[in-house]
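Remarks on the overall topology
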Amino acid sequence: MSTAAPLPLAVQPLTREAFAPFGELVEASDAVRHFTINAGNTERYHDLANIEPGPDGRVIVSIFRGQPRTLPFTVQMMERHPLASQAFVPMSGRPYLVVVAPAGAPPRVEDLKVFLARGDQGVNYATGVWHHPLLALEGVCDFLVVDRSGPGHNCDEVQLERHGVIEGR
């Protein structure tokens, strides 16, 4: 357990460029590939994330229901999926927080980045990227989750030596 004071973590807006080192932003507003389908009735925002099921895996779709967190929030742990990507697409239209660190060695609090995601922005964590579990803010939030099912261990969790604290957004 850490005896050092928690490190304040700054919250920044979630943008495609800022999130690129950790995966892909899933949103329609600035999608590169989009076109009209269904006799002009529907706009398709195409191929928004590279879903990787990993060796011998298969892609699955689930709904995760996240309970709201209150701020300030202390970040004490992180997790990663070493075999595959994991995408979260909000279904409740509410903002949420995304906490990430680069793939590789277990993160230190100084490695963490915190993003405020709008209710119309999803994220696809690249294989091995460290991230915090769901951080819903304003109420119970449902997320469509696209990830891997298959053989092998695909979730590592670590406790941070020094904690971080998210004061507000």
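Before reading further, recall that the structure is shown in the block above.
These notes cover the structure that comes with them. For clarity, every value in this text was computed on a predicted model and none was experimentally measured. (Residues numbered from 1 in each chain as written. Predicted model: local features only at pLDDT ≥ 70, side-chain atom pairs only at ≥ 80, totals over all residues. Heavy atoms only, no water.)

Examining the nonpolar core
Formed by 18 residues in total, the largest nonpolar core has its most connected members in F19, V98, V100 and V123. Elements represented by at least two residues in this core include exactly β9 (96-101), β10 (113-117), β11 (122-125) and β14 (141-149). When residues no more than four places from it in sequence are discounted, the contact partners of V100 are F19, F22, M78, D111, L112, K113, F115, Y125, V129, W130 and H131. Counting 16 residues, the second-largest nonpolar core is a separate cluster that includes F73, L97, A101 and V158. (Core = buried A, V, L, I, M, F, W, Y, C linked by side-chain atoms within 4.5 Å. Buried < 20%, exposed > 50% of the residue type's maximum accessible area, 1.4 Å probe, protein only. Helix = DSSP H or I, 4+ residues; strand = E, 2+ residues; numbered from the N terminus. Contact = heavy atoms within 4.5 Å.)

As for the environment of T70
By the secondary structure assignment, T70 is in the loop between β6 (58-66) and β7 (73-80). Separated by 68 residues in sequence, T70 and E138 have C-alpha atoms that sit 8.6 Å apart.

Focus on unusual backbone geometry
With an omega of 0 degrees, the peptide bond running from L71 to P72 counts as cis. Of note in this structure, D47 is not a glycine but carries a positive phi near 55 degrees. Positioned with a positive phi, D56 is a non-glycine residue whose angle comes to about 60 degrees. Relative to the helices and strands, D56 is located in the loop between β5 (42-45) and β6.

Section: the side chain of Q121
Tracing the backbone through its elements, the reader meets Q121 in the loop between β10 and β11. We classify Q121 as buried; its relative accessible area is 1%. At 2.8 Å, the side chain of Q121 and the backbone nitrogen of R118 are in polar contact. Those residues within four positions of Q121 in sequence are excluded, and the remaining contacts are L14, L25, V26, E27, P90, Y96 and L116. (Polar contact = N/O pair within 3.5 Å; in protein donor to acceptor, adjacent residues only side chain to side chain.)

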